[in-house]
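Coordinate inspection notes
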Amino acid sequence: MTGTELDGLRNAAARRFGRVAIIYHWLVQMRGGERVLERMLDLFPDADIYTHVYVPEKISARIRMHRVRTTFINRLPGAAKHYQKYLPLMPAALEELDLRGYDLVISNETGPTKGVIPAPDALHACYTHSPMRYLWDHYPDYRASAGRLSRLAMSATFPTLRRWDVTSAARVDRFMANSRFVQKRIEKYWRRSSQLVHPPVAVEDFAPVSEVSDRYLWVSQMTRYKRPDIAVEAFNRTGRPLMMVGDGDLFEEMERRAGPNITLVRRMDFPALCRAYAEAKALVFTAEEDFGIVPVEAMASGRPVLALGKGGALDTVAREVSGMFFAEQSANSLEAGLTRFDDWLPHFDPAAAVGHARNFAPEVFDRRFCEVILDA
């Protein structure tokens, strides 16, 4: 699609939907979901934002430029840090929002947002990063890691929240899913169909370099579901060099377990991270993500990806073009995958990886998003 055609789509969406409200679960940090929000605000620069909790100093200037309204959750004690403890109150908070007068209501769903009540003549489009994982398929993991009182609270409140989560899906006119994996979860838990709209990735910020090292790279939060442990175990066994970038509650444990061939770094500024991507032998991706921006950033840097063959990586990594997969979330499977990967690596073409990464450029998101809402 040409730039002129894309501008036509954007203008058509702006003409059709005069007043726009965007619902986001909480604005307390800048991560992938907030970057998607920024892109939506580029499409609808006059949109109003509604959220449960807002911490302006943690949010980008692009978002702060807009009018942000909060639910009553924002006024509760300790909400800025302990907002998730107020989850059982969030359905009521959403239903109290007065959205009359808006032509388009966009809910960004990963925490509770889609349960708002739009006007009868408004279009309600839900961009789904994920149905709430802690209510559904990740519930056993969250419950097992919680304290005794939290487990009791979850047992008492989550059945009601699940019923509300299902019934509130009927308030949405169009669902969009950020990956095929999320599409399946929308159908499984909400019994609704959805359109596939991959999130925007700033692929133009990354570029290949001429000199590449022999060191693999792992980039993510050091949390349990990201599975840094299997990377540490597999690379300890093989002695291959690995750099792991990311902070989290498992950082100290991983640092203790890592052998001399593994370097751990809590944080990198953006230019240093770009260099780390471009100079890596390859990215190792061990998490089962809903989408996963990190593999796309690595591919845009001209480097291949060895990813767990589940979740959003199946959308982002093109087998034997921009990377390969290992089958199970275990150190044994990753170690076997590294052997196959090293055999394939001489056939890897960095230009092909960069070209594939462009399928996730922000302009592609703009086109697909506008097509879905204009087709409603």
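Going by the structure above, here's the rest.
Within every chain, residues take consecutive numbers counted from 1 along the sequence as written. Thresholds applied to this predicted model are a pLDDT of at least 70 for local features of residues and 80 or more for the giving and counting of side-chain atom pairs; totals over whole chains, interfaces and linings are not thresholded and use all residues. The side-chain quantities take in all heavy atoms of the structure and omit both hydrogens and water.

What follows deals with the pairing of strand 6 (residues 174-177). Being paired, for any two strands, means DSSP has found at least two bridges between them. Under the scheme used here, helices are H or I runs from DSSP no shorter than 4 residues and strands are E runs no shorter than 2 residues, and both carry numbers assigned from the N terminus. As defined by bridge partners, strand 5 (residues 123-128) adjoins strand 6 across 4 bridges and the pair is classed as parallel. Among the inter-strand pairings, alanine 125 is bridged to a residue of strand 6, identified as arginine 174. Two strands pair when backbone bridges link them, and strand 6 and strand 7 (residues 195-196) are joined in this way by 2 bridges, in the parallel orientation. Its bridge partner being in strand 7, methionine 176 is matched across the sheet by glutamine 195. For crossovers, right-handed means that the path from the first strand over the helix to the second runs clockwise, given strands pointing away from the viewer. After leaving strand 6, the chain enters helix 8 (residues 180-190) and then returns to the sheet as strand 7, a path that is right-handed.

What follows is about the packing of helix 12 (residues 293-300) against helix 15 (residues 350-357). One can describe the packing of helix 12 onto helix 15 by two numbers: an axis separation of 7 Å at closest approach and a directional angle of 135°. On the basis of the axis angle, helix 12 is oblique to helix 15. Between helix 12 and helix 15 lies a crossing whose hand is left-handed. Counted together, Val296, Met299 and Ala300 of helix 12 and Ala353, Val354, His356 and Ala357 of helix 15 form the full contact between these two elements. The residue makeup of the contact of helix 12 with helix 15, split by class, is 6 nonpolar, 1 polar and no charged. Angles run from 0 to 180 degrees between N-to-C directions of axes, and those axes are lines fitted to C-alpha atoms, restricted for helices to the stretch in contact. Under this scheme an angle from 65 to 115 degrees is roughly perpendicular, one under 35 degrees roughly parallel, and one over 145 degrees roughly antiparallel; angles in between are oblique. By definition, turning the near helix anticlockwise from the far helix through less than a right angle yields a left-handed crossing, and turning it clockwise yields a right-handed one. Pairs of residues are marked as contacts when any of their non-hydrogen atoms sit within 4.5 Å. Think of it as three bins: nonpolar holds Ala, Val, Leu, Ile, Met, Phe, Trp, Tyr, Cys and Pro, charged holds Asp, Glu, Lys and Arg, and polar takes everything else, Gly as well.

With that settled, the discussion passes to the side chain of lysine 114. Mapped onto the secondary structure, lysine 114 falls in the loop between strand 4 (104-109) and strand 5. Here a polar contact is recorded for every N or O atom pair within 3.5 Å, except that within protein the pair must consist of a potential hydrogen donor and a potential acceptor, and residues adjacent in sequence are included only if both atoms are side-chain atoms. Engagement of the side chain of lysine 114 in a polar contact is seen with the side chain of aspartate 165, the distance being 2.5 Å. If near-sequence neighbours (up to four positions away) are discounted, lysine 114 is found in contact with Ser107, Glu109, His124, Cys126, Asp165, Ser168, Ala169, Arg171, Val172, Phe175 and Trp190.

The 7 strands are arranged 3-2-1-4-5-6-7 in an open sheet whose pairing can be described as parallel. Edge positions in the sheet fall to strand 3 (68-70) and strand 7, since each of these pairs with one other strand and no more. Across 5 bridges, the pairing between strand 1 (residues 20-24) and strand 4 is parallel. The residue of strand 4 that forms the bridge with isoleucine 22 is isoleucine 106. Helix 8 contacts strand 4, strand 5, strand 6 and strand 7 of the sheet and is inclined by roughly 140° relative to strand 6. The strands touched by helix 16 (residues 362-375) within the sheet are strand 4, strand 5, strand 6 and strand 7, with strand 6 carrying the most contacts at an inclination of about 160°.

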